[in-house]
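Descriptive structure summary
In case you want the letters, here they are:
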Amino acid sequence: MDSVSLLGSAFWLGVGAVFTFLVPIVLLVVLLVRRMVSSKALALGFAAFGISQLVLRIPLLSVLSLWQPYVDWATAHMWLQLLLVGGLSAGLFEETARLGGACLLNRKGFTYKDVISFGLGHGLCEVILLVGLSQISSMATTLAIAFAPEMMQQALGAQFDLVISQLAAVSPLTILLSLVERLGAVSLHVFNTVLVFRAVRQRQPLFYLAALAVHTAGNFLVVAVNLTVGAVPAEGLMLLIGAACLAGTLAGRKAFAQ
């Protein structure tokens, strides 16, 4: 890639970073200042995602990926690996963390506002820390390669060509698709929060199991469509899932009426 193409990739990564890092932070600040969300529930939502994914699941999967028997099994059973590891494990860690948060809030009772606040905290934490920071890092790397290619080639070594190929794939479409995916994912997180909190409020474990099933199926189906059909249909599916989850979230409000 020449410097002009690299700068173009950096620009679109910057656009993505604005919408996945800056905008969510500004949104949260506005919601808190206007007291449209509960600060305690929001913080617990952030903590739930941080502990379940950043502290527990992702490090465990990183260690597991170094174990050759697992690598061999995952390679030989790709679809089962996507279902169990990519889908079910994410659901178990995150929905259980949501369950813990609901139990903490339930000591003094919780409202629909608490539920939405927790779900937004959980979902936007993922957007900011996993997607936003990643795009900022990629943008910085792109600019460094554009302005100091020799230094970066030496620093990256054998990974230099791989990084260049990844940067070459950045386009307005890829950034748009990533934003669509995040919208759907946040909607799913909020809806699953409604389900898990209903499980605690109504003492019905089936709502927790439903959240686990939604999470597992959503993760698996979107990745499966992406691998077999393409990114655009996959993100279209994610948008449909997000719309259905939004409808479910709105319909679930009556379950938390005082």
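Predicted model only: the values in this text are computed from it and were never measured.

1. Some remarks on the environment of Leu 61
- Along the chain, the position of Leu 61 falls in helix α2 (residues 39-64).
- Considering only alpha carbons, one finds Leu 61 and Leu 82, 21 residues apart in sequence, at a separation of 13 Å.

2. Notes on the state of the cysteines
- Tallied over the full model, the rule gives zero disulfides.
- Free cysteine Cys 125: the closest other cysteine sulfur is in Cys 245, separated by 19 Å.
- Residue classification places Cys 125 among the buried residues on the basis of a relative accessible area of 1%.

3. Brief notes about the side chain of Ser 117
- With respect to the helices and strands, the residue Ser 117 is situated in helix α5 (residues 112-147).
- Dropping the residues within four chain positions of it, Ser 117 is found in contact with Val 37, Ser 38, Ala 41 and Leu 42.

4. Regarding the packing of helix α4 (residues 78-105) against α5
- Where α4 contacts α5, the axes come no closer than 12 Å and their chain directions differ by 145 degrees. Pair α4 / α5 crosses with right-handed handedness. On the side of α4, the interface is formed by Glu 94, Ala 97, Arg 98, Gly 101 and Leu 105, while α5 contributes Asp 114, Phe 118 and His 122.

5. Considerations on the packing of aromatic side chains
- The full count for this structure, using the stated rule, is seven aromatic pairs.
- Centre to centre, the rings of Phe 110 and Phe 197 are 4.9 Å apart; their planes meet at 65 degrees, and the pair counts as edge-to-face. Of this pair, Phe 110 sits in the loop between α4 and α5 while Phe 197 sits in helix α8 (residues 172-201), and the two are 87 residues apart along the sequence.
- Residue Phe 110 is classed as buried on the basis of its relative accessible area, which comes to 2%.
- According to the relative accessible area criterion, Phe 197 is buried, its value standing at 0%.
- Between Phe 110 and Phe 256, the aromatic rings sit 6.2 Å apart at their centres with planes inclined by 50 degrees, giving tilted as the arrangement. On the criterion of sequence distance, the pair formed by Phe 110 in the loop between α4 and α5 and Phe 256 in the segment after α10 (231-251) is long-range, its members being 146 residues apart.
- Linked through ring pairs, Phe 110, Tyr 112, Phe 118, Phe 197 and Phe 256 together constitute an aromatic cluster.

6. What about the nonpolar core?
- If you look at the biggest cluster of nonpolar residues, it comprises 26 residues, and the most contacted ones within it are Leu 105, Phe 110, Phe 118, Leu 120, Phe 197 and Phe 256.
- Going through the elements one at a time, α1 (3-33), α2, α4, α5 and α8 are the ones with two or more residues in this core.
- Looking at this core, the element that brings in the most residues is α5, giving eight residues.
- Setting aside anything within four residues of it in sequence, one finds Phe 256 in contact with Phe 110, Thr 111, Tyr 112, Val 115, Val 194, Phe 197, Arg 198 and Arg 201.
- Counting 13 residues, the second-largest nonpolar core is a separate cluster that includes Leu 195, Val 196, Met 238 and Ile 241.

7. Examining α2
- Taking 1.5 Å of rise per residue, the 26 residues of α2 would be expected to cover 38 Å, and the 36 Å separating its terminal C-alpha atoms lies within 8% of that figure.
- At Arg 57, α2 is bent by approximately 35 degrees, the largest bend along its length, and proline Pro 59 sits one to four residues beyond.
- Of all the residues in α2, the buried ones are Ala 41, Leu 42, Leu 44, Gly 45, Ala 48, Phe 49, Gly 50, Ser 52, Gln 53 and Arg 57.
- Looking at the packing, one finds that the buried side of α2 touches α1, α4 and α5.

8. Notes on the confidence of the model for the chain
- Summarising the model, the chain shows a mean pLDDT of 94, and 98% of its residues fall at 70 or more.
- Ranking the elements of the chain by mean pLDDT puts helix α7 (residues 160-168) last with 87 and helix α9 (residues 205-228) first with 97.

9. A word on the environment of Tyr 70
- Tracing the sequence through the fold places Tyr 70 in helix α3 (residues 68-76).
- A C-alpha to C-alpha distance of 9.7 Å links Tyr 70 and Gln 81, two positions 11 residues apart in sequence.

Reading the values: rules and limits
Residues numbered from 1 in each chain as written. Predicted model: local features only at pLDDT ≥ 70, side-chain atom pairs only at ≥ 80, totals over all residues. Heavy atoms only, no water. Helix = DSSP H or I, 4+ residues; strand = E, 2+ residues; numbered from the N terminus. Disulfide = S-S within 2.5 Å. Buried < 20%, exposed > 50% of the residue type's maximum accessible area, 1.4 Å probe, protein only. Contact = heavy atoms within 4.5 Å. Axes fitted to C-alpha atoms, helices over the stretch in contact; angles between N-to-C directions. Left-handed = near helix turned anticlockwise from the far one by under 90°. Phe/Tyr/Trp six-rings, centres within 6.5 Å; stacked < 30°, edge-to-face > 60°. Core = buried A, V, L, I, M, F, W, Y, C linked by side-chain atoms within 4.5 Å. Expected span 1.5 Å × (residues − 1). Bend = angle between axes of the 7 residues up to and from the residue. pLDDT = per-residue confidence, 0-100.

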